[in-house]
Amino acid sequence: MLEDFLRLLIKHNCTFISVDELLDPQTRLNPAKNYICFTVDDGYEDQTDALLPVLLKYEAHPTLFVITDLIEGQLPWDARIATAVQSSQCKQLDVAALGMPGERVLSLKDKRQFRRQLSLHAKRLEKSARSKFVADIEAALCPAQQMDVSRYTPANWARLAELESQGLVIGSHTCAHNPLSTLTTSDIHLELNNSMALLNQHLSAPSKVFCYPVGMQEDYDERAMAVVREHGFIGALTSEPGYYVASKARSNAFAVPRLSLPATLNKATRYASWLEKLRATN
Ligand SMILES: [Zn+2]
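Only a predicted model underlies this, so the values are computations on that prediction, with no experimental measurement involved. Per chain, residues are indexed from 1 in the order of the written sequence. Totals for whole chains, interfaces and linings use every residue, but because this is a predicted model, local features are given only for residues with pLDDT of at least 70 and side-chain atom pairs only at 80 or more, for both listing and counting.

Asks: How do you make sense of the overall build of the chain when you look at a structure like this?
Replies: A helix here means a DSSP run of H or I that spans at least four residues, while a strand means a run of E at least two residues long, and both kinds are numbered starting from the N terminus. When you go through the chain residue by residue, the secondary structure sums to 11 helices and 10 strands. Taking 282 residues into account, the globule formula puts the C-alpha radius of gyration at 19 Å, and the chain, at 20 Å, falls close to it. Along the three orthogonal principal directions, the C-alpha set of the chain runs to about 55 × 40 × 40 Å. Three exposure classes are used, based on other C-beta atoms lying within 10 Å of a residue's own C-beta, which is placed from the backbone: buried for 20 or more, exposed for 12 or fewer, and partly exposed in between. Here the chain holds 282 residues, and 37% of them are scored as buried. Put simply, of all contacts in the chain between residues at least 6 apart along the chain, 69% involve residues at least 24 apart. For this measure, only C-alpha atoms enter the radius of gyration; the expected value for a globule follows 2.2 Å times N^0.38, where N is the number of residues. Any residue pair is listed as a contact if its two C-beta atoms, each placed from the backbone, are within 7 Å.

Asks: What am I meant to see in the domain arrangement of the chain here?
Replies: For interface size, the figure often reported is the accessible area lost on association. An automatic or database domain assignment supplies the residue ranges for each domain. Taken domain by domain, the chain holds domain 1 (2–73 + 155–280) and domain 2 (77–150). The C-alpha-based centres of domain 1 and domain 2 are spaced at 29 Å. In this assembly, 8 residues from domain 1 lie in contact with 8 residues from domain 2. Residue polarity is assigned by list, with Asp, Glu, Lys and Arg as charged and Ala, Val, Leu, Ile, Met, Phe, Trp, Tyr, Cys and Pro as nonpolar; anything else, Gly included, falls into the polar class. For the side of domain 1 that touches domain 2, the class distribution of residues is 3 nonpolar, 3 polar and 2 charged.

Asks: Explain the packing of helix H5 (residues 77–87) against helix H6 (residues 111–123) here, please?
Replies: Two packed helices can be described by the angle between their axes and the distance between those axes. Lines fitted to the C-alpha atoms define the axes, with helices restricted to the stretch that makes contact. Angles between their N-to-C directions range from 0 to 180 degrees. Orientation of H5 relative to H6, taken along the N-to-C sense of each, is 150 degrees, at an axis distance of 10 Å. Seen along the crossing, H5 lies across H6 with a hand that is right-handed. Between H5 and H6, the contacting residues are Trp77, Asp78, Ile81, Ala82, Val85 and Gln86 on the first element and Lys111, Phe114, Arg115, Leu118, Ser119 and Ala122 on the second. Of the residues belonging to the contact of H5 with H6, the class tally is 7 nonpolar, 2 polar and 3 charged. In this scheme, a crossing is called left-handed if the near helix is turned counterclockwise away from the far one by less than a right angle; it is called right-handed if the turn is clockwise.

Asks: How do you make sense of the nonpolar core when you look at a structure like this?
Replies: Across soluble globular proteins, you tend to see nonpolar side chains buried next to one another. Note on terminology: a nonpolar core is a set of buried residues of type Ala, Val, Leu, Ile, Met, Phe, Trp, Tyr or Cys, with members joined through C-beta atoms within 7 Å. Within the largest apolar cluster, 65 residues are counted, with the highest numbers of intra-cluster contacts made by Ile81, Ile170, Val228 and Ala236. If you tally residues by element for this core, the top one is H5, at 6 residues. A domain split of this core shows at least three residues from each of domain 1 (2–73 + 155–280) and domain 2 (77–150). The contacts of isoleucine 81, once residues within four sequence positions are left out, are Arg115, Leu118, Ser119, Ala122, Val134 and Ile137.

Asks: Could you clarify how one ought to interpret the environment of histidine 189 in this entry?
Replies: Assignment of secondary structure puts histidine 189 in helix H9 (residues 185–202). The exposure class of histidine 189 is partly exposed, given the 14 C-beta atoms found within 10 Å.

Asks: Looking at this structure, how should I read the pairing of strand E9 (residues 235–241)?
Replies: Moving residue by residue along a regular strand, the side chains alternate between the two faces of the sheet. The pairing of strand E8 (residues 209–211) with E9 spans 3 bridges and is parallel. Each bridged residue has a counterpart across the sheet, and for phenylalanine 210 the counterpart in E9 is alanine 236. The definition of a right-handed crossover adopted here requires that, viewed with the strands pointing away, the path from the first strand over the helix to the second runs clockwise. A crossover connection joins E8 to the parallel E9 through helix H10 (residues 222–230); in handedness this β-α-β unit is right-handed. Bridge count for E9 against strand E10 (residues 256–258) is 2 bridges, and the pairing is parallel. Looking at E10, one finds that leucine 237 is bridged to valine 256. Note: two strands are recorded as paired if DSSP finds a minimum of 2 bridges between them.

Asks: Please explain H9 as it appears in this structure.
Replies: Residue pairs spaced three or four apart in an α-helix point in one direction, given the helix's 3.6 residues per turn. Along its 18 residues, H9 runs 26 Å from first to last C-alpha, staying within 8% of the 26 Å computed at 1.5 Å per residue. Residues of H9 that are buried: Ile188, Glu191, Leu192, Ser195, Met196 and Leu199. Along the axis of H9, the buried positions cluster into a sector of 105 degrees, meaning they face one direction only. Residues of H9 that are exposed and point over 90 degrees away from its buried face: Ser186, Asn200 and Gln201. Expected helix span is computed as 1.5 Å times (number of residues minus one). In this description, the arc belongs to the directions extending from the helix axis to the C-beta atoms.

Structure below.
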């Protein structure tokens, strides 16, 4: 499916560039062209083994934004919630006892929906409250600590360096994947400093673009954007859906929207026709 999508984009004369190139003020973009940037978030092994090699094969100039704690072997809070829910034998959980507002008992019948409810609550907590909530969830859902983490195998530095030598650009998605809006300003500085220090230690040329954890509008604020700018990044990516229109003065390089990869080729065809339309109206 991904290869079909890439071939479709090539057929529609799309130009692949890296986000670093897109957001570099020195880059001269041709307004008559459709540019596409591919970005991948987090840094799991299936991404470095299956997804990124395909993007590199088609010279799609992908960028991978890694959670450095994950590469160092520590699962981020949201993957821990997902793992606990997936591995749990429980039928329901008294979430009010864990401090969640609203309904007292939630069913695990629809595990996806249940995980989403837990993550939405957890992401809004401040850092230490989030850590405690996640530990409580694990203890309540998997008391025997039999968690199946096989779906969350992290990539490793050697593999990342190898892919970098093949053209992959790798950037910071922080250390611990906490939404920046829930952190103190000094914690935001630490997340940026420590993640970049590791990237610089293991790689030759990390991305100058940053990628907000979680990335919806409530997950990064003006303060976070200012700190990211202060650290010398040339831009930052959100998870808000949309196109980045480089020629528009109003478009903010520190809140660049993205579109998720279409799930089917049918949807992908629609993307491609939107791109055609976008160019026609330019
Ligand atoms: Zn992420």
